[in-house]
Amino acid sequence: MTFHWNWAFTWEILPRLLHATVNTLLAAGIGYAIALVLGLVLALAQRTPWKPLTLVVRETIEFIRSTPLVLQIFFVFYVGPQFGIRLSPWVSGMIAIGLHYSAYLSEVYRAGIEAVPKGQWEACRAINMSTRDTYLRIIIPQALPPSVAGMGNYLVGIFKDTPMLSVIGVTELMHAANAIGSESYRFLEPYTLVGVIFLAISLPTAGLVRLFEGWVRRKLGL
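Everything numeric here is computed off the predicted structure, so don't read it as measured data. (Residues numbered from 1 in each chain as written. Predicted model: local features only at pLDDT ≥ 70, side-chain atom pairs only at ≥ 80, totals over all residues. Heavy atoms only, no water.)

(A) Structural detail: the packing of aromatic side chains. One pass over the full model with this rule turns up ten aromatic pairs. With centroids separated by 5.4 Å and ring planes inclined at 25 degrees, the aromatic side chains of Phe-74 and Tyr-78 adopt a geometry described as stacked. In this pair, Phe-74 and Tyr-78 are both assigned in helix H3 (residues 69-79), four residues apart and thus about one turn of the helix distant. Feature note: the residues Trp-5, Trp-7 and Trp-11 constitute an aromatic cluster, connected by ring pairs. (Phe/Tyr/Trp six-rings, centres within 6.5 Å; stacked < 30°, edge-to-face > 60°. Helix = DSSP H or I, 4+ residues; strand = E, 2+ residues; numbered from the N terminus.)

Structure follows, in structure tokens:
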């Protein structure tokens, strides 16, 4: 194993790593979309008047947050078939990421909803507004702006956690880097390029999230 930098080898493996980057972005994007929707469902489910449902949802969220993502990936991919649920590595990975981060996003949503002044709820009840309209037209639009920062942080977090999908054979960035290193016995270049690619995506994403948060606040006059 050598540790001096080889530029010829770097340019040779770069296209392969860039192709894996597309897969990484796809896995992160779909996993995040699942987490956004499911996280809101879980947050609202904790506010129902039916206490048994609230208790089950809260305990489920705590269980998901208290166990490692890699364990959940293994569970979805390897344990699912025991119950007749056979999924490809890609689908298993994106579902596991979506489930894992939905638990965290549900707490972000919940904090945003609870930050809405009680007077808003009372006004909605006073005019006999339905629960559905109360959430869609009054509460959620006010809860989202303070939640944007947390939602953006988890987007970056999902992207950085995609290397865990390599444990079930998903060809993302780290999986490609490991394959290149095993084939060539050179790990310096592929691992360094992976770090640079992650940095090149994570930093602009964090900046865009801050810009989007400011735009939302200005749009709503906050």
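(B) A look at unusual backbone geometry. One non-glycine residue, Asn-128, adopts positive backbone phi at about 60 degrees. Mapped onto the elements, Asn-128 comes out in the loop between helix H5 (118-126) and helix H6 (131-161). One non-glycine residue, Tyr-185, lies in positive phi territory at about 60 degrees. Mapping Tyr-185 onto the fold places it in the loop between helix H7 (173-184) and helix H8 (188-219).

(C) A nonpolar patch on the surface, seen in detail. Together, Trp-5, Trp-7 and Trp-11 make up a nonpolar patch on the protein surface, roughly 400 Å² of accessible area in all. Residue classification places Trp-11 among the exposed residues on the basis of a relative accessible area of 56%. (Patch = residues over 30% accessible without salt bridge, like charges linked within 9 Å, V, L, I, M, F, W, Y side chains within 5 Å. Areas by Shrake-Rupley, 256 points an atom, 1.4 Å probe, with all protein chains shown as cover. Salt bridge = Lys/Arg side-chain N within 4 Å of Asp/Glu carboxyl O. Buried < 20%, exposed > 50% of the residue type's maximum accessible area, 1.4 Å probe, protein only.)

(D) Seen up close, the packing of helix H1 (residues 7-45) against helix H4 (residues 89-114). For the pair H1 and H4, interaxial distance at closest approach is 5 Å and the crossing angle is 45 degrees. By the angle between their directions, the pair H1 and H4 is classed as oblique. Once H1 is placed against H4, the crossing between them reads as right-handed. Of the residues in the contact of H1 with H4, the class split is 22 nonpolar, six polar and one charged. (Axes fitted to C-alpha atoms, helices over the stretch in contact; angles between N-to-C directions. Parallel < 35°, antiparallel > 145°, perpendicular 65-115°, else oblique. Left-handed = near helix turned anticlockwise from the far one by under 90°. Nonpolar A, V, L, I, M, F, W, Y, C, P; charged D, E, K, R; others polar.)

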